[in-house]
Amino acid sequence: MKRRHSMIYVALLIMTLFFWIPANAMAKGIFEHQNTTVPVNQSIDDVVVVGGDATILGTVKNSVIVFNGDLDLKSSAKINGFVVVVGGQVLQEPGSFIRDEIINLSFDHATLNSLMIGGGLVIGTWLLQLAVSVLLVILPVTAVFLSKGRIHLFVERARRTPGHFIYIGFFSTLILVALSFLLLITVIGIPIALLIMLFVGLASVFGLAVLSMLVGERTQVAMGRSDWSIALTGSIVLVSLLNVPFVGGLLLLGIVIFSAGLMTLWILEKLKRKTTT
């Protein structure tokens, strides 16, 4: 925890260096863009070196900060603050004294590769999450638009008995998961398992469209607007909640279960109509 606080403090200090130090350090310390040496008998407040090496033989009352250069602390050096070296190395002889921490960020090839890989993963993850979020907003709105009003039958039923869909969807989801697992362990059953997954995906899109209508109807923004506008409002709210850690996982599971119940009841009604005709 102490290390983390120190890093935060140093980051804030680096951000303010370019605004505060040039005027202050020239008056009380050393601010150089070349190799700098503090002699044995000299005592100064701060040492800030950018683009050069620093050699300390004397006393620095506060801090030593070196950007893109090396710091050489001789045996007679005494630093009463902290030391920050970014883009260089710290060479410390026995006998030199540093009261606070030494923070050294050396941007060698391994460090740069790690930063690039880490930054790429962060940016890639963010872009993927953004793309999925946009897709989850577009798909239910498209489903509502293509349904041409027929989705209102499902919305009305879900409004009256939402627990019924969840109850049936829970057992339907368990059956589909078990069936898919059994099919995946056999080569012949893999295509069927993939079809089941595709069906569950399409059902989830339709279920998300129904839930988007239900959520959108409860917002004042969508009052009196068209179906796709209501679905757009509701889908934005739901997708925003899906991006919340833990809450999004529970909501996604609930959407899948609700969608499975919705499609199960629709299929059962279709089969019942065929048997009666």
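Figured I'd write up the structure that's included with this text. Remember, predicted model here, so these are calculated numbers, not experimental data.

## Observations concerning the pattern of salt bridges
Note on pairing: side chains with opposite charge can pair once their charged atoms come close. All told, the structure shown has six salt bridges when counted by the stated rule. Here Asp 45 makes a salt bridge to Lys 61, at a shortest N to O gap of 4.0 Å. Highlighted residues: Asp 45 in the loop between strand S3 (43–44) and strand S4 (47–50) and Lys 61 in the loop between strand S6 (59–60) and strand S7 (64–67), separated in sequence by 16 residues. Overall, the relative accessible area of 44% leaves Lys 61 in the partly exposed class. Across the pair Lys 74 and Glu 93 runs a salt bridge, and its minimum N-O distance is 3.6 Å.

## Notes on the packing of aromatic side chains
Applying the stated criterion to the full structure yields four aromatic pairs. Ring centres of Phe 165 and Phe 258 lie 5.6 Å apart, and the angle between their planes is 45°; this geometry places the pair in the tilted category. Of this pair, Phe 165 sits in helix H4 (residues 162–184) while Phe 258 sits in helix H7 (residues 247–276); the two residues are 93 residues apart in sequence, bridging distant segments of the chain. With relative accessibility at 4%, the residue Phe 258 sits in the buried group. On the basis of an interplanar angle of 80° and a centroid distance of 5.4 Å, the ring pair of Phe 170 and Phe 171 is categorised as edge-to-face. Accessibility expressed as a relative area gives 43% for Phe 171, which makes it partly exposed.

## As for unusual backbone geometry
For Asn 68, which is not a glycine, the phi torsion comes out positive at approximately 55°. Position of Asn 68 among the secondary structure elements: in the loop between S7 and strand S8 (71–73). Here the phi dihedral of Phe 246 falls at roughly 70°; this positive angle occurs in a residue that is not glycine. Examined against the element boundaries, Phe 246 turns out to sit in the loop between helix H6 (227–242) and H7. Here Phe 246 falls in the exposed class, since its relative accessible area comes to 67%.

## Topic: the sheet that holds S8
Strand order across the open sheet formed by four strands is S2-S5-S8-S11, with parallel pairing between neighbours. On the outer flanks of this sheet lie strand S2 (36–38) and strand S11 (90–92), each paired with one strand and no other. On average, each strand axis in the sheet is tilted by 10° relative to the strand beside it, whichever way the strands run. Pairing geometry for strand S5 (residues 54–56) and S8, over three bridges, is parallel. Residue pairing for S8: Ile 56 is matched across the bridge by Leu 73.

## Regarding a nonpolar patch on the surface
A cluster of nonpolar side chains, Ile 123, Trp 126, Leu 127, Leu 130, Val 134 and Ile 138, forms an exposed patch at the surface whose accessible area comes to about 580 Å². Note that Leu 127 resides in helix H2 (residues 109–147).

## Some points on the layout of surface pockets
Over the atoms rolls a probe the size of a water molecule, and in doing so it shows where empty space is left. Looking at the largest pocket, its volume works out to about 460 Å³. Elements with a minimum of two residues in the lining of the largest pocket: helix H3 (151–160), helix H5 (190–217) and H7. By residue number, the principal contributor to the lining of the largest pocket is H7, which donates seven residues. Counted by class, the lining of the largest pocket contains 12 nonpolar, one polar and five charged residues. Its volume calculated, the second largest pocket comes out at about 380 Å³. Lining the second largest pocket are 18 residues, and of these Val 132, Ser 133, Leu 136, Leu 242 and Leu 252 sit closest to its centre. Within the residue set of the lining of the second largest pocket, elements represented by two or more residues are H2, H5, H6 and H7.

Scoring rules and cut-offs
Residues numbered from 1 in each chain as written. Predicted model: local features only at pLDDT ≥ 70, side-chain atom pairs only at ≥ 80, totals over all residues. Heavy atoms only, no water. Salt bridge = Lys/Arg side-chain N within 4 Å of Asp/Glu carboxyl O. Helix = DSSP H or I, 4+ residues; strand = E, 2+ residues; numbered from the N terminus. Buried < 20%, exposed > 50% of the residue type's maximum accessible area, 1.4 Å probe, protein only. Phe/Tyr/Trp six-rings, centres within 6.5 Å; stacked < 30°, edge-to-face > 60°. Pairing = 2+ DSSP bridges. Axes fitted to C-alpha atoms, helices over the stretch in contact; angles between N-to-C directions. Patch = residues over 30% accessible without salt bridge, like charges linked within 9 Å, V, L, I, M, F, W, Y side chains within 5 Å. Areas by Shrake-Rupley, 256 points an atom, 1.4 Å probe, with all protein chains shown as cover. 1 Å grid on protein atoms, 1.4 Å probe; cavity = no way out; pocket = protein on both sides within 12 Å on 5 of 7 lines; lining within 4 Å. Points joined across faces, edges and corners; volume = space filled by probe spheres on them. Nonpolar A, V, L, I, M, F, W, Y, C, P; charged D, E, K, R; others polar.

By themselves, these figures tell us nothing about what the structure is for.
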